[in-house]
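The residues making up each chain are set out below.
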Amino acid sequence: MLNLKSKLFFFQNVLNGLLNNTSNIYDKLSKCARPVEVQESGSNDILNNIGFLQLSSRQTDIIAAVNEMLKKLGSKVTGTDRETRPDFFFEVKSPVRLFTGRNKELIELHERLEQRTRHFPDSQIIALSGLGGIGKTELVRMYAATYRKNYNSIIWINSERDDTICDSFDRLAKDVLGIPTIDANGGKKHVSSIVDAVYKYLENNSGKCLIVFDDAKDAESLYKYLPLGLHIPCGSHPVVLITSPNKDWPTWTDVIILNEWKMNDAMEFLKRALPSDTTGIDQLTQLVETLQRHPLALQQAVSYILRRKVRNHSYTIASYLQAYATIKKQLLSSEICSDVLNDYKKTAFLTWKDTFNAIAVDEYGAVSIKIMHCIAYFLAEKIPIKIFLKITNGSEDILYEAIHLLAKFSLVVEEYKIGHLRISKLVQDVIQIQLKDDFGDVAALSTCLELLVPEITPDMVEHARCIWKHSEKYPTLVEKYSCVANQIIECLLEQRMYQTGVKYAVTALPTLENILGKEHRDVLEMEKKVARIRVLGIKGGHCGIANQHGGM
Ligand SMILES: Nc1ncnc2c1ncn2[C@@H]1O[C@H](COP(=O)(O)OP(=O)(O)OP(=O)(O)O)[C@@H](O)[C@H]1O
Ligand SMILES: [Mg+2]
């Protein structure tokens, strides 16, 4: 709660603002209160929201006057005049009951939409992109609920497929705007004429309108439905917000990427969703990290835990974590609890399977998929892009296109400046599960191992250890690529990473011995190297190797 002095200071600012620049005040006010508060009592009552009603009666009189002024100014600032136009909201659903976090994103989204309104009145199109299940649709639902008073109308178009878009426009025209969708002969009007009629209606009733195209595939599939060629008076052009897993949009679209939850938000979500769970903070953190702060995956985990709790009261997050280690697939494919407010049909597993299918049909899809299958067995961070040149037969152009395709669907994040990629561990889990199901794991690992011969570079050594760990489960791979096991230790030796070398050999050597026999050339070679490492390590220890890279 603000103290009296700061209230008056704020109030003074508001009055100054009123005199100087009306639209600035509106911005200031919207930033002063949480978006939800704006939604609950509206921008005109915003002063009440921040505790002004507790001031003396004289002050409240002034405030009432300011509120009145704001009421009048509000329509000018937002380009609307509510009294004369009926508001309507078409198929805008509420966000999920346990909507959590995203405060910063909501404000950013609003600011970007407002910027577009002020500076680019003819191209107010924003695409919100991000990995499937990351929360794009929910964020836009929350945006619509929070900022609904800024718009005279909000229209929600289900853009999953062409027929769902047509269907949405048809219902909007017929049921809400009173536009006939049947022609004089009793036949169905062509969708383009329905779309034209809808925009014509909006043109003539030029209150501020937000159109959401939810879950769109790409620009091509949407182009004919967008209000691009409209000649609507400046400031009244519909604001378009697209959600899509695809982040490649033409220049007339401003793209915002939505990332996974922040750690705090993910933790808060779990605490709200499972208030009676007795699991300690460490395991809560572990679950959040295992599921990579991904909202859909965490919601699935919560739903699964709640379902299990019905039968077994002692089922907790800790039990889930134990199960995850062995039955990842069932858990990632388990359907979300039916909740009237949560209409999300797909699971994380299915959502990404759809994305893989979309990639597969692209011109560079086959190469992208091959790279993606390899990446599933790398460490999740600092993956050198150039390592995949072998897959593209040395072509940097093809490599660029193939990686770009993966990044377009947020499956990987490109860090081009440093030539690295990163991927979510959760996505890696799903790719690995799918490969195993399709018997493609050995082929994928064998491609990975091919990338490592004849030599392992220092930037690849940790990835090589990770790949080798996965490969050790397959004797055929160990037999064929036993030289890789030695290349890893060689590289660690060169890097003077003696302790890491010994740690690696503790598991790698017995596996080699088991599969190849004690007399195999590569087993003997590794024994020799381990002995060398131990000597060097001890010597190094005496002359202070602890300070060296990977020191003991
Ligand atoms: N902020 C949030 N708070 C609570 N739950 C959330 C939030 N965001 C997403 N979720 C959960 O994740 C599910 C999937 O979210 P959403 O439908 O918004 O994903 P999306 O990014 O639109 O996915 P897709 O690309 O498949 O359309 C929701 O149904 C909800 O259960
Ligand atoms: Mg969506």
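Above this note sits the structure.
The following paragraphs examine the structure supplied in this document. The shown structure was predicted, so the numbers you read here are calculated from the model rather than taken from an experiment. (Residues numbered from 1 in each chain as written. Chains lettered and ligands numbered in written order. Predicted model: local features only at pLDDT ≥ 70, side-chain atom pairs only at ≥ 80, totals over all residues. Heavy atoms only, no water.)

**Description of the side chain of Lys408**
- Relative to the helices and strands, Lys408 is located in helix H17 (residues 396–408).
- The buried charged residue Lys408 lacks any salt bridge partner; its closest oppositely charged side chain belongs to Asp248, at an N-O distance of 4.5 Å.
- Those residues in contact with Lys408 that lie beyond four places of it in its chain are Pro245, Asn246, Lys247 and Asp248. (Helix = DSSP H or I, 4+ residues; strand = E, 2+ residues; numbered from the N terminus. Buried < 20%, exposed > 50% of the residue type's maximum accessible area, 1.4 Å probe, protein only. Lys, Arg positive; Asp, Glu negative; His and termini not counted. Salt bridge = Lys/Arg side-chain N within 4 Å of Asp/Glu carboxyl O. Contact = heavy atoms within 4.5 Å.)

**Side note on the packing of helix H11 (residues 263–273) against helix H13 (residues 295–311)**
- Between H11 and H13, the least distance of the axes is 11 Å, while the angle of their chain directions is 20 degrees. The angle between the axes of H11 and H13 places the two elements in the roughly parallel class. H11 and H13 meet at a crossing whose hand is right-handed. Where H11 abuts H13, its residues Ala266, Phe269, Leu270 and Ala273 lie against Leu298, Gln299, Val302 and Leu306.
- The class makeup of the residues in the contact of H11 with H13 is 7 nonpolar, 1 polar and no charged. (Axes fitted to C-alpha atoms, helices over the stretch in contact; angles between N-to-C directions. Parallel < 35°, antiparallel > 145°, perpendicular 65-115°, else oblique. Left-handed = near helix turned anticlockwise from the far one by under 90°. Nonpolar A, V, L, I, M, F, W, Y, C, P; charged D, E, K, R; others polar.)

**What about the nonpolar core?**
- The biggest cluster of nonpolar side chains holds 124 residues, and the ones touching the most others in it are Leu291, Tyr320, Phe378, Phe388 and Trp468.
- Among the elements that make up this core, the one with the highest residue count is helix H23 (residues 498–516) (8 residues).
- Setting aside residues up to four positions removed in sequence, Trp468 forms contacts with Leu449, Val478, Tyr481, Ser482, Val484, Ala485, Ile488, Tyr504, Ala508 and Leu512.
- Of all hydrophobic cores here, the second largest spans 29 residues; its members include Ala127, Ile157, Ile179 and Ile242. (Core = buried A, V, L, I, M, F, W, Y, C linked by side-chain atoms within 4.5 Å.)

**Brief notes about helix H18 (residues 425–437)**
- The terminal C-alpha atoms of H18 lie 18 Å apart, and with 13 residues this matches the ideal 18 Å at 1.5 Å per residue to within 8%.
- With 10 of 13 residues buried, H18 is to be regarded as a mostly interior element.
- Considered for burial, the residues of H18 that qualify are Leu426, Val427, Gln428, Asp429, Val430, Ile431, Gln432, Ile433, Gln434 and Leu435.
- Between a side-chain oxygen at the N-terminus of H18 and the backbone nitrogen of Leu426 the separation is 3.1 Å; the capping residue is Ser424.
- Count one or two residues on from H18 and you reach Phe439, which has phi positive near 55 degrees. (Expected span 1.5 Å × (residues − 1). Polar contact = N/O pair within 3.5 Å; in protein donor to acceptor, adjacent residues only side chain to side chain.)

**As for the packing of aromatic side chains**
- Enumeration according to the criterion identifies 11 aromatic pairs in this entry.
- For the pair Tyr143 and Tyr151, a centre-to-centre distance of 6.2 Å together with 65 degrees between the ring planes defines the contact as edge-to-face.
- On the basis of relative accessible area, Tyr151 is assigned to the buried category, the value being 1%.
- Here Trp261 and Phe269 contribute two aromatic rings whose centre-to-centre distance is 4.9 Å and whose plane-to-plane angle is 35 degrees, an arrangement assigned as tilted.
- For Trp261, a relative accessible area of 6% corresponds to the buried category.
- Using a relative accessible area of 3% as the deciding quantity, one classes Phe269 as buried.
- Members of the aromatic cluster, each reached through a chain of ring pairs, are Phe169, Tyr199, Phe213 and Tyr225.
- One residue, Arg148, lies across the ring of Phe89, its end atom 4.1 Å from the ring centre. (Phe/Tyr/Trp six-rings, centres within 6.5 Å; stacked < 30°, edge-to-face > 60°. Lys NZ or Arg CZ within 6 Å of the ring centre and 35° of its normal.)

**Remarks on helix H20 (residues 461–471)**
- Most of H20 is tucked away: 8 of the 11 residues are buried.
- Among all positions in H20, only Val461, His463, Ala464, Cys466, Ile467, Trp468, His470 and Ser471 are buried.
- Looking at the buried side of H20, the elements it contacts are strand E7 (383–384), H18, helix H19 (441–452), helix H21 (475–480), helix H22 (482–494) and H23.

**A closer look at the pattern of salt bridges**
- Taken as a whole and assessed by the stated rule, the structure comprises 19 salt bridges.
- With a closest N to O distance of 2.7 Å, Lys188 and Asp170 form a salt bridge. Of this pair, Lys188 sits in the loop between helix H8 (162–177) and helix H9 (191–204) while Asp170 sits in helix H8, placing them 18 residues apart in sequence.
- The exposure class assigned to Asp170 is buried, which follows from its relative accessible area of 8%.
- In this structure, the salt-bridge partner of Lys386 is Glu396, at a minimum N-O distance of 4.0 Å. Remark: Glu396 occurs in helix H17 and Lys386 occurs in the loop between E7 and H17; sequence separation between them is 10 residues.
- Lys386 sits in the exposed class, given a relative accessible area of 55%.
- Connected through shared salt-bridge partners, Glu91, Asp167 and Arg171 make up one network.

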